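One-letter residues, chain by chain:
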Amino acid sequence: MLTNSITLLKDARAHAQCIPAFNIYNLETAQAAFQAARLAQKPVIAAFGEGYQENASLLVIAAIVKTLAGQHPYPVVLHLDHCKEIDTIYRAIDAGFTSVMYDGSRLPLKDNIANTLRVVQYAHERGVGVEGELGCMNPEDGSEMPDSISHSAYTDVNQARRYAKETGVDSLAGAVGNAHGLYKGTPHLHMERLEEIYRAVEIPLVLHGCSGIPAGQIRQAVSIAVAKINVNTELALAGSNQIAALLREKETMRLEKLMLGARERMAEVMKSFFDFA
Ligand code: 13P
């Protein structure tokens, strides 16, 4: 069943649990997320990024996820990940997305607040949850991974308090040593900052860039503040490596079989992230 993210994340936080959010961009990636959630018997967030509109339109993804959710016994959220264009957010909500992320993190705080407020008004009138972002993370595709993640890029606690209060967002993504893509060394999340942000905003926090974060740190972050963990790179690598292995071993060259192989492997990796849920 399709549900909105507001109560789901609030409940998860109240129980110091989290909901995994997996990036999806076609039928197979969506099926993998449903398959993993069914095995785990837990809610899942299917996250479609603004940049994936070349792979599939908002309407097509909404139709796929709604159809799969109709046959699925656990709560599913259809989420728009990292979106900078407000018109795209409106179109996603109109298409049936039940959660959206407005990413104004590169804007001056005042503009980020003003834009987020517009999104929150539109979304809340339609029962849709909103995730905001503050702090400096690298691009969603991990293409610009810094050599080291500097403390100055971390989310500022006072700005976070003001942002949450003035916008009314339902959850907040922050930068506390996390980044998208492949980490160059072992990441070290700043747990104290995470806790300070959470105390200031009093809404569930979202941890982006969970691929490659040691399990103990994800667990600690969930116990402190995080109700949603975002995973993409590990899934993409699992799928691509599976296709490469099938081709190398000359198992098959048929695209539909290769895609099934990738789907199965991605579902296995997704399933492992439910251990944190
Ligand atoms: P990773 O690709 O690093 O797992 O991050 C995913 C993410 O945060 C999507 O918003």
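Placed above this text is the structure.
Please read these numbers as outputs of a predicted model, since none were measured by experiment. Residues take numbers from 1 onward in each chain, read along the sequence in its written order. For a predicted model such as this one, the threshold for reporting local features is a pLDDT of at least 70, and the threshold for listing and counting side-chain atom pairs is 80 or more; totals across whole chains, interfaces and linings nevertheless cover every residue. Just so you know, side-chain values use all the structure's heavy atoms and leave hydrogens and water out.

Asks: Tell me what's going on with the sheet that holds strand S4 (residues 99-102), and back it up with residues and numbers.
Replies: Taken in spatial order, the eight strands line up as S1-S2-S3-S4-S5-S6-S7-S8 and close into a barrel, and their pairing is parallel. Shown here is a sheet whose adjacent strand axes are inclined to one another by a mean of 25 degrees, direction ignored. Pairing between strand S3 (residues 76-83) and S4: three bridges, direction parallel. Counterpart to leucine 80 in the pairing with S4 is valine 100. Should DSSP find at least two bridges between two strands, the strands are taken to pair. The helix count covers DSSP runs of H or I at least four residues long, the strand count covers runs of E at least two residues long, and both are numbered beginning at the N terminus. Axes here refer to lines fitted to C-alpha atoms; in helices the fit is confined to the stretch in contact. Angles between the N-to-C directions go from 0 to 180 degrees.

Asks: I'd like to hear about the packing of aromatic side chains, residue by residue, with values.
Replies: Any two of the Phe, Tyr and Trp rings considered here, Trp counted by its six-membered ring, make a pair once their centres fall within 6.5 Å; the pair's planes then place it as stacked at under 30 degrees, edge-to-face at over 60, or tilted in between. Applying the stated criterion to the full structure yields six aromatic pairs. Seen from their ring centres, tyrosine 25 and tyrosine 52 are 4.9 Å apart, and the 65 degrees between their planes marks the pair as edge-to-face. With tyrosine 25 in the loop between strand S1 (19-23) and helix H2 (27-40) and tyrosine 52 in the loop between strand S2 (44-49) and helix H3 (58-70), the pair connects residues that are 27 residues apart, well separated along the chain. For tyrosine 52, a relative accessible area of 13% puts it in the buried group. By the ring-pair criterion, three or more aromatic residues cluster together here, those being Tyr25, Phe48, Tyr52 and Phe97. Whether a charge sits over a ring comes down to the Lys NZ or Arg CZ being within 6 Å of the ring centre and within 35 degrees of the ring normal. The side chain of arginine 13 reaches across the aromatic face of tyrosine 198, ending 4.9 Å from its centre. For every residue, the accessible area (1.4 Å probe, protein chains only) is compared with the maximum for its type, and the residue is labelled buried under 20%, exposed over 50%, or partly exposed between those bounds.

Asks: Explain the pattern of salt bridges to me, using residue names and the numbers behind them.
Replies: Within this document, salt bridges are pairs made up of a side-chain nitrogen of Lys or Arg and a carboxyl oxygen of Asp or Glu, the two lying within 4 Å of each other. One pass over the full model with this rule turns up nine salt bridges. Taking the shortest distance from any N to any O, the salt bridge between arginine 254 and glutamate 256 comes out at 2.8 Å. For glutamate 256, a relative accessible area of 40% corresponds to the partly exposed category. Two residues, arginine 265 and glutamate 268, come together in a salt bridge whose shortest N-O distance is 2.6 Å. Highlighted residues: arginine 265 and glutamate 268, both in helix H10 (residues 255-273), separated by three residues, approximately one helical turn. Residue class for arginine 265 comes out partly exposed when judged on its relative accessible area of 31%.

Asks: Pulling in residues and values, what's your account of the pairing of S3?
Replies: S3 sits mainly inside the fold: eight of its eight residues count as buried. Bridging between S2 and S3 involves six bridges; their strand directions are parallel. By the bridge assignment, valine 44 is partnered in S3 with valine 76. By definition, the crossover connecting two strands over a helix is right-handed if that path, from the first strand to the second, turns clockwise as seen with the strands pointing away from the viewer. Running through H3, the crossover from S2 to the neighbouring parallel element S3 is right-handed.

Asks: An account of the packing of H2 against H3 is needed here, citing residue identities and associated values.
Replies: In the contact formed by H2 and H3, the axes pass within 10 Å of each other and the chain directions differ by 30 degrees. Classified by the angle their axes make, H2 and H3 are roughly parallel. Note that H2 runs across H3; the crossing there is right-handed. Contacts between H2 and H3 involve Leu27, Ala30, Gln31 and Phe34 on the former and, on the latter, Ile64, Val65, Leu68 and Ala69. Partitioned by chemical class, the residues of the contact of H2 with H3 number seven nonpolar, one polar and no charged. Any angle that falls under 35 degrees is termed roughly parallel, while one over 145 is termed roughly antiparallel, one within 65 to 115 roughly perpendicular, and all others oblique. By the definition used in this description, the sense in which the near helix is turned from the far one sets the handedness, with an anticlockwise turn below a right angle giving left-handed and a clockwise turn giving right-handed. Two residues form a contact once any of their heavy atoms are found within 4.5 Å. Under the scheme applied here, ten amino acids are nonpolar (Ala, Val, Leu, Ile, Met, Phe, Trp, Tyr, Cys and Pro), four are charged (Asp, Glu, Lys and Arg), and all others, including Gly, are polar.

Asks: Please provide a residue-by-residue account of the site of the ligand, values included.
Replies: Around the ligand lies a shell of 14 residues, among which Asp81, Gly209, Ser211, Asn232 and Thr233 are the nearest. Any pair of N or O atoms that falls within 3.5 Å is considered a polar contact. Within protein, one atom must be able to donate a hydrogen and the other to accept it, and sequence-neighbouring residues count only if both atoms are side-chain atoms. Aspartate 81 places a side-chain nitrogen or oxygen 2.8 Å from an oxygen atom of the ligand. For the ligand, an oxygen atom lies 2.8 Å from a polar atom in the backbone of glycine 209. About the coverage of the ligand: the protein hides 100% of its 310 Å² of free accessible area. Of all the secondary structure elements, the ones that give two or more residues to the shell around the ligand are S3 and strand S8 (226-231). Counted by class, the shell around the ligand contains three nonpolar, ten polar and one charged residues. Here a residue counts as near a molecule or strand whenever at least one of its heavy atoms sits within 4 Å of it. Areas reported here follow the Shrake-Rupley algorithm with a probe of radius 1.4 Å; residue values treat only the protein chains shown as occluding.

So far we have only geometry, and geometry alone does not tell us how the molecule works.
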